[in-house]
Amino acid sequence: GQSLEQPSEVTAVEGAIVQINCTYQTSGFYGLSWYQQHDGGAPTFLSYNGLDGLEETGRFSSFLSRSDSYGYLLLQELQMKDSASYFCAPNRDDKIIFGKGTRLHILP
Amino acid sequence: DGGITQSPKYLFRKEGQNVTLSCEQNLNHDAMYWYRQDPGQGLRLIYYSQIVNDFQKGDIAEGYSVSREKKESFPLTVTSAQKNPTAFYLCASSIPGQGARQPQHFGDGTRLSIL
């Protein structure tokens, strides 16, 4: 079967750190991508984990554990512009699977 | 600059009418995808194509059709058989490769509404 779970909403304070978790189950798994989408806009690629461990890109980090079928996106020094939806997206050999995403609300 | 162009940005369809959404890319990507997004929901895959003259159904292909006659173009037709077509449609492209990074680049989307 195929499944993908991430929280529907997360709220954090400006300047803080937030972690968005993702668990997945899919055949033909190659890696895990994360995308950001602002209201009314198109998704934009944030990061990709092909191997276990942590990938860091500026304020954003992403982690993958293949054995646990688990990953997370870590956002540090939150800014108001980070208010958006974040999608965990398992990569298969032929396509990428998108879930419903996590809506991140940031409080001033 | 390279990118994906979707047109039109807004589209209105009458009952019983077929409409075609355009998607063009100049990134030289082999793979192209069509997604549907409903308000507050995630992206659902409609059709995808890994190479010219070949395409596969995604999770919600019923009521839609596509063609891939050129590498740069992957138009989506929403047929009258699609009874609930109101949604945000997103086209994407990527470099296919097993085990490789394959970030998808998205167009700005087309919002389709029923008159």
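Please refer to the structure higher up on the page.
Just so you know, these numbers come straight off a predicted model, no measurement behind them.

**Overview of the overall build of chain A**
Right, so step 1: Along its length, chain A carries zero helices and ten strands.
Right, so step 2: Put simply, chain A runs from its N terminus to its C terminus through helices and strands in the order β-β-β-β-β-β-β-β-β-β.
Right, so step 3: Relative to its length of 108 residues, chain A is compact, with a C-alpha radius of gyration of 13 Å against a globular reference of 13 Å.
Right, so step 4: Dimensions along the principal axes, computed over C-alpha positions, put chain A at roughly 40 × 30 × 20 Å.
Right, so step 5: Counting over 108 residues, chain A shows a buried share of 53%.
Right, so step 6: Expressed as a percentage of contacts within chain A between residues at least 6 apart in sequence, the contacts between residues at least 24 apart total 56%.
Right, so step 7: About 4900 Å² of surface is accessible on chain A, with carbon and sulfur atoms providing 48% of the total.
Right, so step 8: The average position of the 7 basic charges and that of the 12 acidic charges among the side chains of chain A differ by 7 Å.

**Remarks on the state of the cysteines**
Right, so step 1: Under the criterion given, the structure shown has two disulfides over all chains.
Right, so step 2: Each disulfide pairs two cysteine sulfurs, and for A:Cys22 the partner residue is A:Cys88, the sulfurs being separated by 1.8 Å. Disulfide A:Cys22-A:Cys88: the torsion about the S-S bond is -45°, which places it as left-handed. With a gap of 66 residues between them, A:Cys22 in strand β3 (residues 18–25) and A:Cys88 in strand β9 (residues 84–92) connect regions that are remote in the sequence. The pair A:Cys22 / A:Cys88 is uniform in exposure class, with both members buried.
Right, so step 3: A sulfur-sulfur separation of 1.9 Å characterises the disulfide bridge that pairs B:Cys23 with B:Cys91. Of note, the bridge from B:Cys23 to B:Cys91 carries an S-S torsion of about -75° and is left-handed in sense. Remark: B:Cys91 occurs in strand β9 (residues 87–94) and B:Cys23 occurs in strand β3 (residues 19–25); sequence separation between them is 68 residues. B:Cys91 carries the same exposure label as B:Cys23, and that label is buried.

**Overview of the environment of A:Asn91**
Residues and elements named next belong to chain A.
Right, so step 1: Among the structural elements, Asn91 can be located in strand β9.
Right, so step 2: The spatial distance from the C-alpha of Asn91 to the C-alpha of Phe29 is 5.9 Å, given a sequence separation of 62 residues.
Right, so step 3: A polar atom in the side chain of Asn91 sits 3.0 Å from the side chain of Ser33.

**A few points about the sheet that holds strand β7 (residues 64–66) of chain B**
Strands belonging to one sheet form pairs held by backbone hydrogen bonds; the direction of such a pair is parallel or antiparallel.
Residues and elements named next belong to chain B.
Right, so step 1: With antiparallel pairing, four strands are arranged side by side in an open sheet as β1-β3-β8-β7. Both outer strands of the open sheet, β1 (4–7) and β7, are each paired with one neighbouring strand and no more. Averaged over all neighbouring strand pairs, the angle between strand axes comes to 20°, with direction disregarded.
Right, so step 2: Here β1 runs beside β3; their pairing, made up of four bridges, is antiparallel. Residue Ile4 lies in a different strand from β3, and its bridge partner there is Gln25.

**Details of the environment of A:Asn21**
Residues and elements named next belong to chain A.
Right, so step 1: Residue position: Asn21 is located in strand β3.
Right, so step 2: For the pair Asn21 and Gln2, spaced 19 residues apart in sequence, the C-alpha separation works out to 17 Å.
Right, so step 3: For Asn21, the residues in contact, after removing those within four places along its chain, are Glu5, Gln6, Pro7, Trp34, Tyr70, Gly71 and Tyr72.
Right, so step 4: Looking at Asn21, its side chain comes within polar contact range of the side chain of Gln19, at 2.7 Å.
Right, so step 5: Engagement of the side chain of Asn21 in a polar contact is seen with the side chain of Tyr70, the distance being 2.9 Å.

**Focus on the interface of chain A and chain B**
Right, so step 1: Contact with chain A, which involves 19 residues of that partner, is made by 23 residues of chain B.
Right, so step 2: Counting across the chain A and chain B interface gives zero salt bridges.
Right, so step 3: Here chain A and chain B share three residue pairs in polar contact (both at pLDDT 80 or more) between them.
Right, so step 4: At the level of elements, β4 (29–37), β5 (44–49) and β9 of chain A are the ones that each hand at least two residues to the side of chain A that touches chain B.

Quick notes on the rules
- Residues numbered from 1 in each chain as written.
- Chains lettered and ligands numbered in written order.
- Predicted model: local features only at pLDDT ≥ 70, side-chain atom pairs only at ≥ 80, totals over all residues.
- Heavy atoms only, no water.
- Helix = DSSP H or I, 4+ residues; strand = E, 2+ residues; numbered from the N terminus.
- Rg over C-alpha atoms; globule rule 2.2 N^0.38 Å.
- Buried < 20%, exposed > 50% of the residue type's maximum accessible area, 1.4 Å probe, protein only.
- Contact = heavy atoms within 4.5 Å.
- Areas by Shrake-Rupley, 256 points an atom, 1.4 Å probe, with all protein chains shown as cover.
- Lys, Arg positive; Asp, Glu negative; His and termini not counted.
- Charge placed at Lys NZ, Arg CZ, Asp CG, Glu CD.
- Disulfide = S-S within 2.5 Å.
- Polar contact = N/O pair within 3.5 Å; in protein donor to acceptor, adjacent residues only side chain to side chain.
- Pairing = 2+ DSSP bridges.
- Axes fitted to C-alpha atoms, helices over the stretch in contact; angles between N-to-C directions.
- Salt bridge = Lys/Arg side-chain N within 4 Å of Asp/Glu carboxyl O.

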